[in-house]
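# Examining the three-dimensional arrangement
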Amino acid sequence: MAIYLQVCHQPKWVLDADLAKCFDTIARQPLLKKLNASPFVTRQIRAWLRAGVMDNFQYSETPQGVPQGGSLSPLLANVALHGMETYIARYCKGARVIRYADDLLVIHPERQVIEHAQQLLGKWLEMMGLAFKPSKTRICHTLNPVDGQVGVDFLGFSIRQYRVSKYKSG
């Protein structure tokens, strides 16, 4: 619904981004600082992060990141990514960030704002040990083709607009 509300009235530029190895590369110290938890809870989470993973009776250490598949993994990934929406809203007026796990969209009517948001987000993500996955990150438009493609696919939905008349799209 959030995406629809952003694109229903006029065509928009979209940064379609995916994070490279999100769970595997989250920086632990900034994550623990963001949690702002009591020392007891912080120690418990730090121990859980260092505990490693068992997969098919094989133990693997987890020297960095958040062990994927655990019950806390999605919560800790959301904590790590928390704040990007307000950061972009502060520096890119009118831009809207919509994210689900490690997939995100930034939507705005002007391409220059989207390009600026991409640069800002790249720097913001670095602080958390994260980066865009270049092969899955692109700038597109909801109505006009960019590199032969119109719109964006996000979480199994195709988001695009169609020209209805000379002056309207839907």
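As a reminder, the structure under discussion sits directly above these lines.
The following paragraphs examine the structure supplied in this document. The shown structure was predicted, so the numbers you read here are calculated from the model rather than taken from an experiment.

## Points about helix α5 (residues 73–81)
Of all the residues in α5, the buried ones are S73, L76, A77, V79, A80 and L81. In this structure, the buried residues of α5 make contact with α2 (22–25), α3 (28–35), α4 (39–50), α6 (84–91), β4 (96–100) and α7 (111–127). Backbone geometry just downstream of α5 places G83 in the positive-phi region, at approximately 105 degrees.

## Structural notes on the pairing of β4
Both β4 and strand β5 (residues 103–108) contribute to a ladder of five bridges, which runs antiparallel. From the neighbouring strand, Y100 faces β5, where its bridge partner is D103.

## A few points about the side chain of T137
Counting through the fold element by element, T137 comes out in the loop between α7 and β6 (138–141). On the basis of relative accessibility, which here comes to 15%, the residue T137 falls in the buried class. A polar side-chain atom of T137 sits 3.4 Å from the main-chain amide nitrogen of D18. Excluding residues within four positions of it along the chain, T137 makes contact with L15, D16, A17, D18, Q118 and F132.

Conventions and cut-offs
Residues numbered from 1 in each chain as written. Predicted model: local features only at pLDDT ≥ 70, side-chain atom pairs only at ≥ 80, totals over all residues. Heavy atoms only, no water. Buried < 20%, exposed > 50% of the residue type's maximum accessible area, 1.4 Å probe, protein only. Helix = DSSP H or I, 4+ residues; strand = E, 2+ residues; numbered from the N terminus. Contact = heavy atoms within 4.5 Å. Pairing = 2+ DSSP bridges. Polar contact = N/O pair within 3.5 Å; in protein donor to acceptor, adjacent residues only side chain to side chain.

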